[in-house]
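Remarks on the overall topology
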Amino acid sequence: MTVTDTVAWAAATAGLPQPFAELGLTAEEYEKIVATLGRRPTGAELALYSVMWSEHCSYKSSKVHLRQFAATAPPSGALLAGIGHNAGVVDIGQGYAVTFKIESHNHPSYVEPHQGAATGVGGIVRDILAMGARPVAVMDALRFGPADAPDTGRVLPGVVSGISFYGNCLGLPNIGGELDFDPSYAGNPLVNALCVGVMRHGDLQVAEGSGPGNKVILFGSTTGPDGVGGASVLASATFGDAASDGPASDDRASAKRPSVQVGDPFTEKLLVECCLELFAGGLVTGIQDLGAAGVACATTELAAAGTGGMLVRLDDVPLRDASLGPPEILMSESQERMMAVVEPGRVEEFLAVCAKWDVRAAVIGEVTGTGRLVMTWRGETVVDIPPASAADGPVYHRPLARPASQDALAAADPAALPRPVDGAGLRADLLALLGSPGLADKSWVTDQYDRYVRGDTVLAMPDDAGLLRVDEATGLGIALATDGNGRYCRLDPYLGTQLVLSEAYRNVAATGARPLAVTNCLNFGSPEDPAVMWQFAEAARGLADGCAALGVPVTGGNVSFYNQTGTAPIHPTPVVGVLGVHDDVRRRVGIGFRNVPAVPSRGGQGGRGAGAPRARELPGGAGGMESPRGEAKSSPRASIVLLGRTEPEFGGSAWAHVRHGHLGGRPPAPGFDAERRLAALLAAAVAAGLLSAAHDLSDGGLAVALAESCLRGGTGCRVRLPGDPFTALFSESAARAVVAVRAGRETAFGHLAEAHGVPATAIGSTGGDSLTVDGCFAIPLAELAAVHTRTLPALFGPVLSQPVVPS
Amino acid sequence: MALWHGDRGLRGVDAVILPGGFSYGDYLRCGAIARFAPVMADLVPAARAGLPVLGICNGFQILCEAHLLPGALTRNAGLTFITRDVPLRVENAATAWTRAYSGGEQIVVPLKSGEGAFAADAGTLAGLEASGQVVISYAGDNPNGSAAAIAGVCNAEGTVVGLMPHPEHAVDPLTGPSADGLGFFASVLARVAA
């Protein structure tokens, strides 16, 4: 029988040693708690501070760098709620608002891939719900160790099945994301989950515990021992060195498995519907989701943001394990729970709505005017703190230092790498890229997700961005894309982060949407390593400067530190999500070259008889673009136009990585003015109905983009490249896209490109059943498809029936 | 009109669609708990008396669990959830839900399920095929290991139909692969309007 560690007992036993180090607190932090309270903390208080002051919850190392997002945010009338809320809220017009956020669940997903990834989805969905919005879609950005590493075979299928299990059951379409592989993620995969929600303007909810006498209600799942210390012990610490832990990485993993939560998506579904009915009925004055740090976090944050005081009776928390005491109840990260603040006169109605949805609810306390967060247990006070002291947490200016190794990395210029010298070599390189795990067809993963549910999915992977219809009558919609690139960011975290932002921005623009706002998940190694901290600071500065230049504000995000194995950090991997608004989703374009009927009796590959397409610089050419002579009326072929300027930029490129295992030099130069012009051109061209396809150029350059567009639409193309074919095919210069211009609209598009100041080069036309680069190579679509689709099934298990190969 | 699982009575509706989803999370066998929902106590006798009922995906599983349809749905042969636009063949265009199609017509509709493999003993399968109770079959590759590539079956009267693919996701080319799924809904509307 243990004696409860009460406030009175703590005051009487000032010198009693406390296990602060085991809970992840430093001696200095512990002393600060003692100074704040004027006594030693009780066990419950120590638990509460340890999770609230964990890196994961307090952002103590990153806060000083994140401030510049708000400071440099461009003026934007679109922002209804910005950084500091559960998620930012953006006005998309017609009375609608959208909220979106991306968060990491990296460490749980390594320890227990299925549940770790599943609860990552659940957690971000509750963040969106807490803003008052209906969650409408999810995305996942995934990064693993080498695709053929044995542990990747354990982690990847588990992560994918977890996302599939939770998201599908919850009834949320999974509309996009990323999948990439790199040795730096071998002992520390990245599982970043994004959720987006839609609401009417008036539906915004606040996370405030205001109004003394108002009741505090905990509802959803019961509280159990799962996930105790998830935020502090698991998410805010580094995994040990694989080498010192023996053969099975499982050994490391199993020791921390109790810190991983277990997901119950059906309860989450009930919780979502229940909350939306509660909001609609005006039954809550404040709402907070329970994620990291559970009850500790929800009570402190509600109290700190509201009137300031709260009384909580921990005995009234519904438990699934009666042996739990105050510290475990506070630290538990049991999933599918929410906390609401409700006027006393509405409690009965509130509980009735919960009962309708079979959601358990309990009044566990009330808002007070005392300015103290007080918690009782079996009649005695076990917590008595000023809530802001726990909610605000420490702030560190960690030392940072640019590592000397950056110089050698920058000096390793990929210009020195051997390049293909003829068409056969270029052909082989394209196929190698297309079949590499990071660029291969991702159906093995995405087929396990439901992209259709809710019935409003207009575009989903493998298109550039996910596109959702918001209003059926007007066609208003939203586009979302996430991007990350550890290689670029390793070479230069400032420029790399800007390139990642640029790509997500461009992906959204490629659908015809206007980019509006940014969320981010900043995945880095240990903040206690000055080299990592330098990477982080550079990335944050790069993102802030990039967002200012592009005119899109950061509305929220998440920082994930301690992503390393032993002393080896992951590549710095900021993942950036961009949200755009689409005025009319019925006019959207995807990446696929249209599957148009072959033109009969034109000598097979119709283009041949009509004269080979010629590269022409636009604008400036008299009369702009025209389709190949003689085809304007009779052919449904679209003209393929390359937008933007191509420079020989191969630092961090997919080509250098796949063909040479090389990482060095400088990443491509971002061009924000060019990105804005390109995005504006794409929006205008889509709105005017000039395009049948648009695809951004990024990993693997024009070569991979053309192959993906051919495969997506089941239609080939024939192009002639301007300048050096190798550079034209594989350079990864930013601010570029390839578009298919509808037959007969070439001149109009040429004028539009000129008006927007975007370089446009007609390089060929769609059609046929091969990807043909004049003077270089021709690859039948069947061969492209085979190379593209076989990689992941070969690595992770066959799928019963392959997707139909375009014929 | 939405009928609530916990209520009794069908409120005078002319037909019922049991939609897809994850009833009770499908933590137990799919549909095994939902068949005991209070509303099922009224739905089962009404269906036996001729009320048109379409079960889609989880709804199909519930109809099998409720013994309104023969057979069962088991784990996909690949053991993973799959989402895929699949070509289907309309084998029986005489049911309450398929009259808008012609026999043998090929349509494309999304399939999205983890436990979509239709299973039945050999005698039942032979009986289903002989009596025309195989309504829809997979026309391309068998995507989930369903017996006889069966994607949908009906009761002997052709009023109760269960379907693994989701025709409601094939009603507009903007949000689906085709509008081929409209025929299921057009069929029953024509019937109840008649």
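About the thresholds
- Residues numbered from 1 in each chain as written.
- Chains lettered and ligands numbered in written order.
- Predicted model: local features only at pLDDT ≥ 70, side-chain atom pairs only at ≥ 80, totals over all residues.
- Helix = DSSP H or I, 4+ residues; strand = E, 2+ residues; numbered from the N terminus.
- Rg over C-alpha atoms; globule rule 2.2 N^0.38 Å.
- Buried ≥ 20, exposed ≤ 12 C-beta atoms within 10 Å, placed from the backbone.
- Contact = placed C-beta atoms within 7 Å.
- pLDDT = per-residue confidence, 0-100.
- Pairing = 2+ DSSP bridges.
- Nonpolar A, V, L, I, M, F, W, Y, C, P; charged D, E, K, R; others polar.
- Axes fitted to C-alpha atoms, helices over the stretch in contact; angles between N-to-C directions.
- Right-handed = clockwise from strand over helix to strand, strands pointing away.
- Core = buried A, V, L, I, M, F, W, Y, C linked by C-beta atoms within 7 Å.
- Parallel < 35°, antiparallel > 145°, perpendicular 65-115°, else oblique.
- Expected span 1.5 Å × (residues − 1).
- Arc of directions from axis to C-beta.

What to know about the overall build of chain B
Along chain B, the regular secondary structure elements total four helices and nine strands. When the helices and strands of chain B are listed from N to C terminus, the series reads β-α-β-α-β-β-β-β-α-β-β-β-α. Against the globule reference of 16 Å for 194 residues, chain B gives a C-alpha radius of gyration of 15 Å, in line with a compact fold. Dimensions of chain B, computed from C-alpha atoms along their principal axes, come out at roughly 40 × 40 × 40 Å. Residues counted as buried form 48% of the 194 residues belonging to chain B. Long-range pairs, those at least 24 residues apart, make up 71% of the contacts in chain B with a sequence separation of at least 6.

Details of the overall build of chain A
Each helix and strand counted, chain A has 27 helices and 29 strands in total. When burial is assessed residue by residue, chain A has 64% of its 807 residues classed as buried. Summarising the internal contacts of chain A: among those between residues at least 6 apart in sequence, 85% fall at separations of at least 24.

What to know about the confidence of the model for chain B
Summary statistics for chain B give a mean pLDDT of 95 and a share of 100% for residues scoring 70 or more. Confidence metrics for the complex model read pTM 0.92 and ipTM 0.95.

As for the pairing of strand S9 (residues 309–313) of chain A
Residues and elements named next belong to chain A. Only one face of S9 is covered, namely the one carrying Met-310 and Val-312; the face carrying Gly-309, Leu-311 and Arg-313 has none of its residues buried. As paired strands, S9 and strand S11 (residues 361–368) are joined by four bridges and run antiparallel to one another. By the bridge assignment, Met-310 is partnered in S11 with Val-367. For S9 and strand S12 (residues 373–377), the ladder comprises four bridges, and the chain directions are parallel. Looking at the pairing, Arg-313 lines up with Thr-376 of S12.

Side note on the interface of chain B and chain A
Bring the parts together and some accessible area is lost; that lost area is often taken as the interface size. Taken together, the contact between chain B and chain A spans 25 residues of the former and 24 residues of the latter. At the level of secondary structure, the elements contributing two or more residues to the side of chain B that touches chain A comprise strand S4 (82–90) and strand S5 (106–113) of chain B. Looking at which element gives the most residues to the side of chain B that touches chain A, the answer is S4(B), with three residues. Within the side of chain B that touches chain A, the residues separate by chemical class into eight nonpolar, 13 polar and four charged.

Thoughts on the sheet that holds S9(A)
All names here are of chain A. Reading across the sheet, the seven strands line up as S8-S10-S7-S11-S9-S12-S13 and stay open at both edges, with mixed pairing between neighbours. Strand pairing shows two members of the sheet lacking a second neighbour, strand S8 (286–289) and strand S13 (380–385), which therefore form its edges. Pairs of neighbouring strands in the sheet enclose a mean axial angle of 20 degrees, with direction left out of account. Note: strand S7 (residues 215–220) against S11, five bridges, orientation antiparallel. The residue bridging Lys-215 from the neighbouring strand is Glu-366, located in S11. Where helix H3 (residues 43–52) meets the sheet, its contacts fall on S12 and S13, and the angle it forms with S13 comes to roughly 35 degrees. Sheet strands touched by helix H12 (residues 294–305): S8, S9, strand S10 (337–342) and S12. Its angle to S9, the strand with the most contacts, is close to 155 degrees.

So, the pairing of strand S17 (residues 514–523) of chain A
Residue and element names in this part refer to chain A. Burial analysis of S17 places nine of its ten residues in the buried class, which makes it a mostly covered element. With six bridges connecting them, S17 and strand S18 (residues 554–560) associate as parallel partners. What sits directly across from Cys-521, in S18, is Asn-558. Taken together, S17, helix H21 (residues 530–550) and S18 constitute a β-α-β crossover, and its handedness is right-handed.

A closer look at the sheet that holds strand S6 (residues 190–200) of chain A
Sheets are built from strands that pair by backbone hydrogen bonding, the pairs being arranged parallel or antiparallel. All names here are of chain A. With mixed pairing, the six strands of this open sheet are ordered in space as S1-S2-S3-S6-S4-S5. Looking at strand neighbours, the two that pair on one side only are strand S1 (79–81) and strand S5 (174–181), the edges of this open sheet. Going across the sheet, the axis of each strand differs from the next one's by a mean of 25 degrees, ignoring polarity. Here strand S4 (residues 134–144) pairs with S6 via nine bridges, running antiparallel. By the bridge assignment, Arg-134 is partnered in S6 with Val-198. Across the sheet, helix H8 (residues 150–170) touches S4, S5 and S6, and the angle it forms with S4 is around 180 degrees.

Some details on the nonpolar core
Counting residues in each nonpolar core, the largest one holds 259 residues, and the members touching the most others are Met52(A) and Leu682(A). Considering each element in turn, this core owes the most residues, ten residues, to helix H20 (residues 493–510) of chain A. What Met52(A) contacts, discounting residues up to four positions off in sequence, is Cys57(A), Ser58(A), Ala293(A), Ala296(A), Cys297(A), Thr300(A), Ala390(A), Ala391(A) and Gly393(A). If you look at the next biggest cluster of nonpolar residues, it comprises 51 residues, including Val53(B), Phe60(B), Trp97(B) and Val135(B).

Regarding the packing of helix H5 (residues 63–71) of chain A against H21(A)
Residues and elements named next belong to chain A. Here H5 crosses H21 at 5 degrees, and the two axes come no closer than 9 Å. Between H5 and H21, the crossing angle belongs to the class labelled roughly parallel. Across the interface between the two elements, His-65, Leu-66, Gln-68 and Phe-69 of H5 pack against Phe-536, Ala-537, Ala-540, Arg-541 and Ala-544 of H21. Tallied by class, residues from the contact of H5 with H21 come to six nonpolar, two polar and one charged.

Focus: H20(A)
Residues and elements named next belong to chain A. Across its 18 residues, H20 extends 25 Å between first and last C-alpha, which sits within 8% of the 26 Å expected from 1.5 Å per residue. For H20, a buried count of 18 out of 18 residues is recorded, marking the element as mostly surrounded by other parts of the structure. Positive backbone phi, approximately 100 degrees, marks Gly-512, located one or two places after H20.

Considerations on the packing of helix H17 (residues 423–435) of chain A against helix H27 (residues 781–796) of chain A
Residues and elements named next belong to chain A. Following both chains from N to C, one finds H17 and H27 inclined at 35 degrees, their axes separated by 8 Å at the closest point. Contact with H17, carried on its side by Leu-431, Leu-434 and Gly-435, involves Leu-784, Val-787, His-788 and Thr-791 of H27 and no other residues of that element. For the contact of H17 with H27, a count of residues per class yields four nonpolar, three polar and no charged.

Examining helix H1 (residues 40–48) of chain B
All names here are of chain B. When H1 is considered as a whole, its buried residues turn out to be Met-40, Leu-43 and Ala-47. On an axial view of H1, the arc spanned by its buried residues comes to 60 degrees, and they lie on one face. With respect to the buried face of H1, the exposed residues turned more than 90 degrees away are Ala-41 and Pro-45. On its buried face, H1 is in contact with strand S1 (16–18), strand S2 (53–56) and strand S9 (160–163). Positive backbone phi, approximately 115 degrees, marks Gly-50, located one or two places after H1.

Considerations on the confidence of the model for chain A
Residue and element names in this part refer to chain A. The predicted model of chain A averages 90 in pLDDT, with 89% of residues at 70 or higher. Low pLDDT, under 50, characterises residues 241–255; the stretch is placed with 15 contacts to residues that sit more than four places away or in other chains. Note on residues 596–634: pLDDT is under 50 here. Beyond four places in sequence and across chains, it has 81 contacts.

Re the environment of Asp26(B)
All names here are of chain B. By the secondary structure assignment, Asp-26 is in the loop between S1 and H1. Asp-26 gets classed as buried once you count the C-beta atoms within 10 Å, which come to 22. Sequence separation between Asp-26 and Glu-115 is 89 residues; the distance between their C-alpha atoms is 9.9 Å.

Describing the environment of Pro493(A)
The topology assignment puts Pro493(A) in helix H20. Measuring from C-alpha to C-alpha, the distance between Pro493(A) and Gly281(A) comes to 47 Å, with 212 residues separating the pair along the chain.

A word on unusual backbone geometry
Of note, the amide linkage connecting Met461(A) to Pro462(A) takes the cis form, showing an omega dihedral of 10 degrees. With a phi close to 50 degrees, Arg378(A) is a non-glycine residue in the positive phi region. Classification of Arg378(A) by C-beta neighbours within 10 Å gives exposed; the count is 12. The phi torsion at Ala148(B) lies on the positive side, around 55 degrees, for a residue other than glycine. Within the secondary structure, Ala148(B) is located in the loop between strand S7 (134–138) and strand S8 (150–154). Among the residues examined, Ala148(B) registers 14 C-beta atoms within 10 Å and is labelled partly exposed.

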